[in-house]
Structures are given as C-alpha cells and as structure tokens.
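Chain and residue survey
Each chain, written out:
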Amino acid sequence: MDAHRHYLRWMFGTMALASVAAAGFVALVDPYGLYGLADVPGLNRVKPPVERYRNEIRLARAERFRPELVVTGNSRMEVGVDPEGAPLAGTNAFNLALAGTSMEVTIGQLRHLAAGGHAPRRVIAGVEFVDVLTDRPVHPATVVPPLPPATQGWRAHVWRADALYSFVSLKDALVTVAIQSRPEAAMATLRGHNPLLQYHQAAATEGYAALFSQRAAENTRKLAAMAQGGLHGAAVRAHVAQLIDTAAAAQPAVDVDLVIYPYHAQLLALFEHASAWPRFEAWKEILVQEAEAGRRRHPAARIAVHDFSGFGPIQCEPIPPPGSKARTRWYWEAGHFKPALGDLLVARVLGTAADGVPAGFGVRLERETLAANRHRIAGERARCAARQPSLFDGVARDAARELARRQPAARLHTAALE
C-alpha cells in the first residue's frame, strides 16, 4: 500500500512540477507578447505571428500600449502598415488589422478598447471592397442585423489560461526561440505589424512573377464567382455608420480616416473584367455618403475618405517577368503592398507626404470630387494600359477563361479573345 501511495505522490508531483515548468517557460519566452517578463535578444525578442486567439491577443497588447492612433482593416493593412514606420514615429500607434477579417471585427475592436477606457484619438481604417461583393443581387431594402454584444465575464478571459498552459503554447514558445537566428522567418511586431519577411525568400526562390500569378489566380476565381452578383450596400452603410459612431462615442473629437486600398493595377483590371467596376464606383459613393452622415451626427469629429485606388505610377508598378530576379518596390503581389507603400499611404493620410509622391495617390473623396476622381482614374488607366498592355491582356484572358468555365454562354467570348 505504501509503495502504491508513494508511486501516486511521485506521479502527481512530477506532473505538477512539469506543468509549472511548462507554464513558466511559456510565460518567460512569451510567444504572444502578453507578459513582458523578459526581452532577451537571441531568446525571445522576435515574436512569431499569432495563429490562434488572434483578436484577443491583439486587443490585450493594445490595452497595454494604450495607443492614441490605431490602424484597422484586413491583411492589406496588417502587412502594409508599420505603426513604428517613419510617418507614425512618436504617435503611439498600434496596428489592429487582422488577415481575413471584415469591418465587423474592427467595430468590435473599437468597442472593446472604448469599454476598457483606451479609446484612440485617431482611427485609420482600411475598408475592403471585395468583402461586400455578393454572388447574387441584394435587395436594396435588406436589413442588416446589429452586431451581437461582445462576450462578457469570465468567459471572455478563458483564452488566457489556454494561452499560458497548453501544448500549442509550449510549441509556440519553442518556435519563438528557434526563429531568433532566422532573419527571414515569419514574425510580427508587438504593435501588430506582420512584415511578411518570409516572402523575401519566396520571392528570391520563385520570383515575383510567381507570387503575382498565384494571387491573381485566386482573385480571378473569387471575383468570377461574383460577376453576376451585387453589392451589399446595406451592410456597407450599417457597418461604416457603426464604426464612426463607436469611435466618436468614445472620443467625440476623434479623427476617422476611411482608406480605400491601393490595389495594384492587375487587381483593378480584374474588377473590370469581372463586371465589378460599376459596383466599385457605387461603393465609393456610399462611403462618401456615410462619411457625410457621420459628420452630421458627430460635428466634433473629423471624418474623411481617402481613395488610394487608381492606375498611377505606383499602382501600375511593372511585374517582373517569369525567371527574372528583379524585385518590386511597392507590392508583394496585386493585393498586398509593402511597408514602403504603407508609409506613403499613412503620410498622405496624415498630410505629411513628402514632395515627389504622385498627386493622384490618395485623393480625398467628397460628393463634389467623385466625378473628377473617376476622370483621374480613367486617365491613369489609359496611360498604364499603354505602358503595360500585356498586363491588361493577361487579366482579360484569364478572367474570360474563368467566366467561360463557370458560364457556358461566355465561351464564345473566350474564343474571340484567344
């Protein structure tokens, strides 16, 4: 009997010590940047991108920094805007943007920060056009249900226990130690920027043509599926209004900058061939209208819409041909821009852009400037198409082929192009 009890004590004691040691190792290495117990070069200074509890961990970090300026949006902002870049130096900025998320997440994030007493004074919000395309027309009277309230009480903090003590957390802590000596390993900064360092190796090995081609194929399939669809205008109106109201309720004099992304010309050309361009223009008008309405509801706030779309010299950056080792300056591929372009974007929003940035990059949209903006983009498109006809021809050919595959009636058009 004594031997049996001794064995049980030894077993449970070992388990308890191992558990404490594992949790202590996770807390010390701190793969998610939650505890700040140690910041040791070669051990844990470089953090891997967060793969789970992404929003919870992002918000917990933001609460610690108490940022005055936040950047929100999807992966385009997450990888493109460095809150520690030159334009935001000294502003206590934080990047809340998360890949694969929509404006509902942004609204929830602002609500969370406001509830904790950390409402930012400025919000630079990337707004995504592709998210509001639908595969079938949407009735104008569609009612958008209000967003559900955030989880409250102890359930909202259960993730912290799992983040401290679990096999996944232990594995992430070991990954953190392992990447310290790998300069091109996937990583993310504590202020929320994912610089896509791993793309450097991919670009060097496969070339930028492969990166653009792979993303173009994904975008073509996605947009072709919505070629006969509509625009969820009701959702755009509801969510932009909620974003503005949430930011202004917590900070009446808040600055809200709605940013239309600087899509590369390849992706904009795909908008055209997937019959999405009229919806793109309609979407911009809704943004302008909701910004106007927001200014009427919140007269102390400053609300602006910035259009970075177009076919200017930046968005029309040439794609290196297959086999070329040339590097791009502004884009990883047509949907994601590099921090160098993110710096220009932020500088334009803040009004600090240096001389030399094209005048058409980042146009302030108002009801009165919509027509002139359309004229600007049309002129830029003509010049871009003249410089790079193969880019537009390639998009047209791929889009027609995908549309023909989905719609037998379109096969005649494909044959004409080929």
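Scroll up a little and you will see the structure.
So, a few notes on the structure that sits alongside this text.

Reading guide: rules and limits
- Residues numbered from 1 in each chain as written.
- Predicted model: local features only at pLDDT ≥ 70, side-chain atom pairs only at ≥ 80, totals over all residues.
- Heavy atoms only, no water.
- Disulfide = S-S within 2.5 Å.
- Helix = DSSP H or I, 4+ residues; strand = E, 2+ residues; numbered from the N terminus.
- Buried < 20%, exposed > 50% of the residue type's maximum accessible area, 1.4 Å probe, protein only.
- Contact = heavy atoms within 4.5 Å.
- 1 Å grid on protein atoms, 1.4 Å probe; cavity = no way out; pocket = protein on both sides within 12 Å on 5 of 7 lines; lining within 4 Å.
- Points joined across faces, edges and corners; volume = space filled by probe spheres on them.
- Nonpolar A, V, L, I, M, F, W, Y, C, P; charged D, E, K, R; others polar.
- Pairing = 2+ DSSP bridges.
- Axes fitted to C-alpha atoms, helices over the stretch in contact; angles between N-to-C directions.
- Salt bridge = Lys/Arg side-chain N within 4 Å of Asp/Glu carboxyl O.
- Core = buried A, V, L, I, M, F, W, Y, C linked by side-chain atoms within 4.5 Å.
- Phe/Tyr/Trp six-rings, centres within 6.5 Å; stacked < 30°, edge-to-face > 60°.
- Lys NZ or Arg CZ within 6 Å of the ring centre and 35° of its normal.

**So, the state of the cysteines**
All told, the structure shown has one disulfide when counted by the stated rule. One disulfide in the model links C316 with C384; its S-S distance is 2.0 Å. Of note, the bridge from C316 to C384 carries an S-S torsion of about 85 degrees and is right-handed in sense. Linking C316 in the loop between β7 (302–307) and β8 (331–333) with C384 in helix α13 (residues 370–387), this pair joins segments that are 68 residues apart in sequence. Exposure class is identical for C316 and C384. Each is buried.

**With respect to the environment of D135**
Position of D135 relative to the elements: it lies in the loop between β4 (133–134) and α5 (158–164). Accessibility expressed as a relative area gives 47% for D135, which makes it partly exposed. Put simply, D135 and G229 are 94 residues apart on the chain and 4.1 Å apart in space, counted from C-alpha to C-alpha. Ignoring sequence-local partners within four residues, the contact set of D135 consists of A225, M226, Q228 and G229.

**Remarks on the layout of surface pockets**
The calculated volume of the largest pocket comes to roughly 690 Å³. Taken together, 23 residues make up the lining of the largest pocket; nearest its centre are L59, G108, H112, A150 and T151. Of all the secondary structure elements, the ones that give two or more residues to the lining of the largest pocket are α2 (54–65), α4 (103–115) and α5. Counting residues per element, the lining of the largest pocket draws most heavily on α4, which supplies seven residues. Here the lining of the largest pocket is built from residues that sort into 10 nonpolar, eight polar and five charged. If you trace the second largest pocket, you find 20 residues lining it, with Q266, I319, L391, G394 and D398 closest to the centre. Elements with a contribution of two residues or more to the lining of the second largest pocket: α8 (208–224), α10 (265–273) and α14 (389–406). Looking at the lining of the second largest pocket element by element, the count peaks at six residues for α8.

**Looking at the sheet that holds β7**
Here we have six strands laid out as an open sheet, ordered β2-β1-β3-β6-β7-β10, and mixed in their pairing. Strands with a single pairing partner mark the edges of an open sheet, and in this sheet they are β2 (93–95) and β10 (363–365). Taking the axes of each pair of neighbouring strands and ignoring which way they run, one obtains an average angle of 25 degrees across the sheet. Of the pairings in the sheet, the one linking β7 to β10 comprises three bridges and is antiparallel in character.

**Thoughts on the pattern of salt bridges**
Counted by the stated rule, this structure contains 25 salt bridges. Here D39 makes a salt bridge to R45, at a shortest N to O gap of 3.0 Å. Between R364 and E366 there is a salt bridge; the shortest N-O distance is 3.5 Å. One salt-bridge network, in which partners are shared between bridges, spans R122, D255, D257 and R302.

**Details of unusual backbone geometry**
Despite not being glycine, D30 shows a phi value in the positive range, around 55 degrees. Note that D30 resides in the loop between α1 (2–29) and α2. On the accessibility criterion, D30 (4% relative accessible area) is buried. The phi dihedral of S275 falls on the positive side, at around 60 degrees, and the residue is not glycine. If you trace the backbone, S275 turns up in the loop between α10 and α11 (277–297).

**Section: the side chain of K284**
Inspection of the secondary structure assignment puts K284 in helix α11. Excluding residues that lie within four positions of it along the chain, K284 makes contacts with I260, D307, S309, L365, N373 and I377.

**Structural notes on the nonpolar core**
Grouped together as the largest cluster of nonpolar side chains are 92 residues, with contacts concentrated most on M77, F129, L223, F271, F280 and W283. The biggest single contributor to this core is α11, with seven residues. Discounting chain neighbours no more than four positions away, the residues touching F271 are F129, V130, L223, Y263, A276, W277 and F280. By size, the runner-up hydrophobic cluster in this structure holds seven residues, among which are Y32, A60, W159 and A163.

**Some details on the packing of aromatic side chains**
Enumeration over the complete set of coordinates arrives at 17 aromatic pairs. Ring centres of Y261 and Y263 lie 6.1 Å apart, and the angle between their planes is 80 degrees; on these two criteria the pair is classed as edge-to-face. Both residues of the pair, Y261 and Y263, belong to the buried class. Relative to F280, the ring of W277 lies with its centre 5.2 Å away and its plane at 70 degrees, an arrangement referred to as edge-to-face. Linking W277 with F280, this pair stays in helix α11, spanning three residues, or about one helical turn. Judged by relative accessible area, which is 17%, W277 ranks as buried. Taking the relative accessible area as the measure of exposure, F280 reaches 0% and is therefore buried. An aromatic cluster is present here, built from F129, Y261, Y263, F271, W277, F280, W283, F311 and F392 joined pairwise through their rings. R64 extends its terminal NZ or CZ atom over the ring of F65, reaching a point 5.5 Å from the ring centre. The cationic tip of K338 hangs over the ring face of W332; the distance from NZ or CZ to the ring centre is 4.6 Å.

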